[in-house]
Amino acid sequence: MNIAVNNGDWSGSWVAERLGVELEGDDGLRALLGLALRRNPKRAHLLVSNVLGKHVPQSPAVVYGHGFALGRRVRDLLGETEAGRSVVVGYAETATGLGHSVADGIGLAPYLHSTRRPVPGMTPAGGFEESHSHATSHLLLPEDPALLSGDGPLVLVDDEFSTGNTILNTIRDLHARYPRKRYVVVALVDMRSPADAGRLDGLADEIGARVDLVAGASGTVKLPDGVLAKGQELVARYEESAAAGGVPGAGASGLVAQFPAPLAGAAVEADDQSPHPGARGTARTAPTGPHVTTVDLHWPHGLPDGGRHGFTPAHRVRLETALPAMAARLAEALPLGARRVLALGFEELMYAPLRVARELEPLVAAEVRYSTTTRSPVLAVDDPGYAIRSRLVFPAHDDPADGPGERYAYNVAGAGFDAVVVFVDSAGDTPELHAPDGLLARLGAYVPHVLLAVVPSYVPALTEESPAMLPEPLRGPAFSSYPPEDVGWLLQDLSEVTLEAPTEEREEAIQSGGAHYAESLPVEYQPSERYQALFHAALETSAARIAQAVGVVTETVLAERSARPVLVSLARAGTPVGVLMRRWARFRYGAELPHYAVSIVRGRGIDANALRWLAARHDPRDVVFVDGWTGKGAITRELAEAVAEFEAREGVSGFDPEIAVLADPGSCVRTYGTREDFLIPSACLNSTVSGLISRTVLRADLVGPDDFHGAKFYRELAGADVSVAFLDAVAARFGEVVDAVDAAVKELAAADRTPTWEGWAAVERISEEYGIHDVNLVKPGVGETTRVLLRRVPWKILARAGAGADLDHVRLLAEQRGVPVEEIGELPYTCVGLIHPRFTRGATGADGRAVNL
């Protein structure tokens, strides 16, 4: 049956009329779903559920009833015996409460939902991707590892079944770890296209298991040709108009449209600062700090706040027993005469507030509604035919693992609520929640009475064998000049420790075997005006070339390694590249990829504590190690050996040690942006192009067995810092290289990229030809040669004849250090730096002069 779209009473008519979208399916589909817009390279429209309790405030009895009814249908499908052996898994964040409700309907099934909140010391039991979502990486962190290992039916619950990708990813992942004979997929709506409809059956045949589907309603979305571009243009138009303070086509009722700064590309005035004509209620000026009434629910001690780590039938009995008293305490705290009350949950914390709100509903005369805050950014348009009428924007307040960012509450502002009860778990009860721009203050601009109910965060007790608690990543501006969202440094701050030593003194100690190069730091010199000019000229010349390489390596990672990679750069040369890859993903797809920087030391391996931290918070299979370039491949081999040793020792699996690099002149890896050996300007400088962070330090008296490796933050060099300028210059060229990137990625996908290690062979040959007999003293490539001149004691530079401008800075450094440059006709690299063999003080180049940059 075709459902009409030109109906002003339907909350999808505004989008449908402008984009030509049609819904086909069950009679009740329109009552379940509205439409909204978002900026997304794959799908501009958003299906908004009216009964999920996420974006649209709804009666808690209605929300719970839909999930519970689906659970009853699953129990009827499985039969009592199999239903009693089943396990239910829900999806974060939107379906955590729905999955709980389905488990309640089944009756005796334990429940677990995926999470985007890692727990230090806990190793994920699984992970998967939700490719269409704003934040896609999911972790499964059951307290009881046996929860997923049984052979009873696994029931997977999501709010909508659109393409089937999320379900397919999950079943494949879990079946590989915990094979079973039967799966049941549950959704409020099944909106698969005919092309996607058969994929579930195909998966069942592939894995040799039965896969059933239970949905509250079914249908499809019919999209006319060009709808994606038209939707993106519509979003951009309303976004630009809202940022400028005007609204196109507002009509008599008025309209407010706004997009969040992370997607808009610039900070804009939040839409919660303006009243919404036509919506119920009137905005008030946000107070500096609203009066908040705290309600102690007397949550039962030790009872999990949800299914993040498992929720058993015994837990359910305890909750049912405690609910009446908790609802009564909340009813007593509500203001007298309240007519319309909102119970507002918090991201994944959906089930606890839903159950309390459902218990409250018959106790009070007020109309009770329920919804939750979300990470998902959506355009707000104040029109009766649009599903998202208003939007409150506020900072994250639970110290999320992926760094700070905006969060949202929809259809609350201007909706006529005279009391709102904010439910958060204790991890989210932070100063940010109570700040002048926090959620409570935002709500106080629209709602006369704000109440706060804090549910204790449940964290499983770690065993004595669990690794020591590791700190959260360091972030700028406290550590590094990069913005905090660009990178989290899995390092310890040694800024107050004197670690620098003169270059010749370090070299003598390293070559004599008296010290390792990672036990001290070279002195960080300020570059001369002449050298700075060379850097900026090189950046201007090569920015587009670098942008293309960034695009190629990022697209290759997304296509071949992970749809939602966790970028882990090797500090520090890899870190600017990791930031640029993250920026490319945001530029091209609106994706905010996690990015961390870790230490790896030649001869000592990668920081095992950093790997342990990553494994506790992310699926190791999503981790992609990133570096700037390859030379002879020593770090590539070092990483492979270190990861293999770590996984054998820790019992963790899944890390792929192959590095993704911007340039692979040594032919050491399969994932790269280019194999040309060209000047990457970030190699020209030290900390001043790497967030003012030193190279990493590993010394026994400073780094204990449970510590991250160390590094210094050179705040005093801020005047010479070009770290962000370098990133901005490259990112500014992204738009002009998209076509070239797509062509190169297509070409690479069909090419044989098997590493030949020809760089290593060339280094061995040069080592012997020049009588060095130590490959560690031969540094091939522009980047490595620059490092030799900046940090070590160079002997001579080998340059490919006719190398040109790529070597201008190398020639200048060699001139300043008195190092001869020898041109070679046939050289596999643009240049090679030779560290002085058999070093003694004074043997630096021709006359032993110290570098003066």
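Preceding block: the structure.
No experiment lies behind these values; they were computed from the predicted model shown. Throughout, a residue's number is its position along its own chain's written sequence, starting from 1. It should be noted that, the model being predicted, local features are given only for residues of pLDDT at least 70 and side-chain atom pairs only at 80 or more, the latter also being counted only at that level, while totals for whole chains, interfaces and linings use all residues. To obtain the side-chain values, all non-hydrogen atoms of the structure were included, while hydrogens and water were left out.

This part covers the pattern of salt bridges. Any two side chains of opposite charge can pair if their charged atoms end up close together. We define a salt bridge as a side-chain nitrogen of Lys or Arg found within 4 Å of a carboxyl oxygen belonging to Asp or Glu. Summed over all chains, the structure comprises 46 salt bridges. A salt bridge links R355 to D104; its shortest N-O distance comes to 3.5 Å. Of this pair, R355 sits in helix α11 (residues 351-360) while D104 sits in helix α4 (residues 96-106); the two residues are 251 residues apart in sequence, bridging distant segments of the chain. This pair shows no difference in class: R355 is buried, exactly as D104 is. As a salt-bridge pair, D398 and R117 come within 3.6 Å of each other at their nearest N and O atoms. Elements are defined by DSSP. Helices are runs of H or I of four residues or more, strands are runs of E of two residues or more, and each kind is numbered from the N terminus. Type-normalised accessible area, obtained with a 1.4 Å probe on protein chains alone, sets the label of each residue: buried when under 20%, exposed when over 50%, and partly exposed for intermediate values.

What follows concerns the pairing of strand β24 (residues 595-598). Neither face of β24 is exposed, since H595 and A597 on one face and Y596 and V598 on the opposite face are all buried. We call two strands paired when DSSP finds no fewer than two bridges between them. Taken together, the 2 bridges between strand β19 (residues 488-489) and β24 define a ladder with parallel strand orientation. The partner of W489 across the bridge, within β24, is A597. Relative to β24, strand β23 (residues 566-570) is paired through 4 bridges, and the arrangement is parallel.

Pairing is parallel across the open sheet formed by 5 strands, whose spatial order is β12-β18-β17-β13-β14. Strand pairing shows two members of the sheet lacking a second neighbour, β12 (292-295) and β14 (367-373), which therefore form its edges. On average, adjacent strands in this sheet sit at an angle of 25° to one another, irrespective of strand direction. With 6 bridges joining them, strand β17 (residues 419-425) and strand β18 (residues 450-455) adopt parallel strand pairing. Bridging from a neighbouring strand, F423 pairs with A453 of β18. Across the face of the sheet, helix α10 (residues 313-333) comes into contact with β12, β17 and β18 while running at roughly 155° to β12. Note on definitions: angles span 0 to 180 degrees between N-to-C directions of axes, and those axes are lines fitted to C-alpha atoms, for helices only across the stretch in contact. In what follows, a contact means two residues having at least one pair of non-hydrogen atoms within 4.5 Å.

Backbone-to-backbone hydrogen bonds pair the strands of a sheet. The strands run either parallel or antiparallel. Here 6 strands make up an open sheet; going across it, the order is β19-β24-β23-β27-β28-β29 and the pairing parallel. Of all strands in the sheet, those with a lone pairing partner are β19 and β29 (671-674), marking the two edges. Two strands pair when backbone bridges link them, and strand β27 (residues 623-629) and strand β28 (residues 656-663) are joined in this way by 4 bridges, in the parallel orientation. For V626, the partnering residue across the bridge sits in β28 and is A660. On the sheet, helix α16 (residues 574-589) packs against β19, β23, β24, β27 and β28 and is oriented at approximately 120° with respect to β27.

The next point concerns helix α23 (residues 808-817). α23 sits mainly inside the fold: 7 of its 10 residues count as buried. Considered for burial, the residues of α23 that qualify are H809, V810, L812, L813, A814, Q816 and R817. Downstream of α23 by a residue or two, G818 has a phi angle that is positive, lying close to 70°.

Only Phe, Tyr and Trp rings take part, Trp by its six-membered ring, and two of them pair if their centres are within 6.5 Å. Stacked means planes under 30 degrees apart, edge-to-face means over 60, and tilted covers everything else. Going through the model one piece at a time under the given rule, you end up with 13 aromatic pairs. Judged by centre distance (5.8 Å) and plane angle (35°), the rings of Y64 and F68 are tilted. One end of the pair, Y64, and the other, F68, are both in helix α3 (residues 60-84), 4 residues apart, so they sit about a helical turn from each other. Given the relative accessible area of 5%, Y64 is considered buried. With a centroid separation of 5.1 Å and an interplanar angle of 70°, the aromatic rings of Y596 and W613 are classed as edge-to-face. On the criterion of sequence distance, the pair formed by Y596 in strand β24 and W613 in helix α17 (residues 608-617) is long-range, its members being 17 residues apart. Using a relative accessible area of 1% as the deciding quantity, one classes W613 as buried. Counting every residue linked through ring pairs, the aromatic cluster contains F479, Y482, W489 and F713. Remark: a charge is flagged as sitting over a ring if the NZ atom of Lys or the CZ atom of Arg is within 6 Å of the ring centre and within 35 degrees of the ring normal. For the cation-ring pair, R340 lies above F417, with the distance from its terminal atom to the ring centre recorded as 4.3 Å.

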